[in-house]
Amino acid sequence: MILMKDIVREGDPVLRTRAEELTFPLTPEDRQLADDMLQYLINSQNPEIAEKYNLRGGIGLAANQVNSLKRMFALHLEDEKGELISFVAVNPRIVSHSVEQTYLTSGEGCLSVDRAIPGYVPRYARITAKFHTVDGEEKKMRLNGLSAIAFQHELDHLNGVMFFDRINDKEPFAEIENATPYER
Ligand code: NI
């Protein structure tokens, strides 16, 4: 079971390193890691379990954040239509995206960042993503709104990018070009 002590915090070089592609079949250890990452998110959104184990709530977790340089991340969230988006993406990529951008009006947070960092983080409003499941099945998915934002945040982790890298440091709340704000 992944606990907060297992989550790497900002400043650690593993968060600034590009994670490596996985080959199939995954090793039992990598499958276990995938399960554990998704389970962390599920647990962290369950008030009783989160309180018992002191888990900070999260909707996404990338392997770098648990000190593993493997190209995979987990997402677990309910989208604006109330639909559950829950999967582990292996070797994920964005194959196309909208010109239109979006950003969370409340800014982004990260389980690896223990401070609030104010500012708008520009993201594509809509993406078409491809990835493999842990079983090696190829998936193509269209995402928008919160799930698109979360996907881009986690993909950034696999490339050693942190959300605050994308904040305009001179003017964190400067208007984002061609963007529709996303209110969470
Ligand atoms: Ni993060």
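Residues numbered from 1 in each chain as written. Predicted model: local features only at pLDDT ≥ 70, side-chain atom pairs only at ≥ 80, totals over all residues. Heavy atoms only, no water.

Chemist: Before we move on, could you go through the coordination of the nickel ion and cite the residues and values that matter?
Modeler: Only Cys110 (SG), His153 (NE2) and His157 (NE2) from the protein reach the nickel ion as donors, at distances of 2.1 to 2.3 Å. Sequence positions of the residues that donate to the nickel ion give the spacing C-x42-H-x3-H. With His153 and His157 both in helix 3 (residues 145-158), this residue pair falls four residues apart, about one helical turn. His157 matches His153 in its accessibility class, with the two residues each being buried. (Donors = N, O, S within 2.8 Å, 3.2 Å for Na, K, Ca; no water. Helix = DSSP H or I, 4+ residues; strand = E, 2+ residues; numbered from the N terminus. Buried < 20%, exposed > 50% of the residue type's maximum accessible area, 1.4 Å probe, protein only.)

Chemist: Hey, could you go over the sheet that holds strand 5 (residues 123-124) for me, with residue numbers and the actual values?
Modeler: Strand pairing in a sheet takes place through backbone hydrogen bonds and is either antiparallel or parallel in direction. Pairing in this open sheet of three strands is mixed, and the strands run 5-4-8 from one edge to the other. Looking along the sheet, the strands with just one partner apiece sit at the ends: strand 5 and strand 8 (179-182). Relative to strand 5, strand 4 (residues 101-104) runs antiparallel, the two sharing two bridges. Of the residues in strand 5, the one forming a bridge with Thr102 is Arg123. (Pairing = 2+ DSSP bridges.)

Chemist: Can you tell me about the environment of Ser147, naming the residues and giving the values?
Modeler: With respect to the element layout, Ser147 can be found in helix 3. Spatially, the C-alpha atom of Ser147 lies 9.6 Å from that of Gly60, the residues being 87 residues apart in sequence. Once you skip the residues sitting within four places of it in the chain, Ser147 turns out to touch Leu75, Leu77 and Ile85. (Contact = heavy atoms within 4.5 Å.)

Chemist: Lay out helix 1 (residues 28-44) in plain terms, naming residues and giving numbers.
Modeler: Look at helix 1: 24 Å from first C-alpha to last across 17 residues, which is about the 24 Å you get at 1.5 Å a residue. Of the positions making up helix 1, those classed as buried are Asp30, Leu33, Ala34, Met37, Leu38, Tyr40, Leu41, Asn43 and Ser44. (Expected span 1.5 Å × (residues − 1).)

Chemist: Residues and numbers for helix 3, please.
Modeler: Every α-helix carries 3.6 residues per turn, so stepping three or four residues along brings you back to the same face. Taking 1.5 Å of rise per residue, 14 residues should cover 20 Å, and helix 3 covers 21 Å from first to last C-alpha, within 8% of that figure. Burial analysis of helix 3 places 14 of its 14 residues in the buried class, which makes it a mostly covered element. Positive backbone phi, at 75°, marks Gly160, one or two positions downstream of helix 3.

Chemist: I'd like a rundown of unusual backbone geometry, residues and numbers included.
Modeler: Residue Pro25 is reached from Phe24 by a cis peptide bond, and omega for that bond is -5°. Relative to the assigned elements, Pro25 resides in the segment before helix 1. In this structure, Asn67 takes a positive phi of about 65° despite not being glycine. Here Asn67 lies in the loop between strand 1 (60-62) and strand 2 (72-78). Positive phi, close to 50°, is recorded for Asn91, a residue that is not glycine.

Chemist: Explain the environment of Leu111 to me, using residue names and the numbers behind them.
Modeler: Examined against the element boundaries, Leu111 turns out to sit in the loop between strand 4 and strand 5. With relative accessibility at 5%, the residue Leu111 sits in the buried group. Between the alpha carbons of Leu111 and Arg16 there is a distance of 15 Å; along the sequence they are 95 residues apart. The contact partners of Leu111, leaving out residues within four places of it in the chain, are Met4, Ile7, Arg9, Tyr40, Arg56, Gly57, Gly58, Gly60, Leu61 and Gln65.

Taken by themselves, the reported measurements are silent on function.
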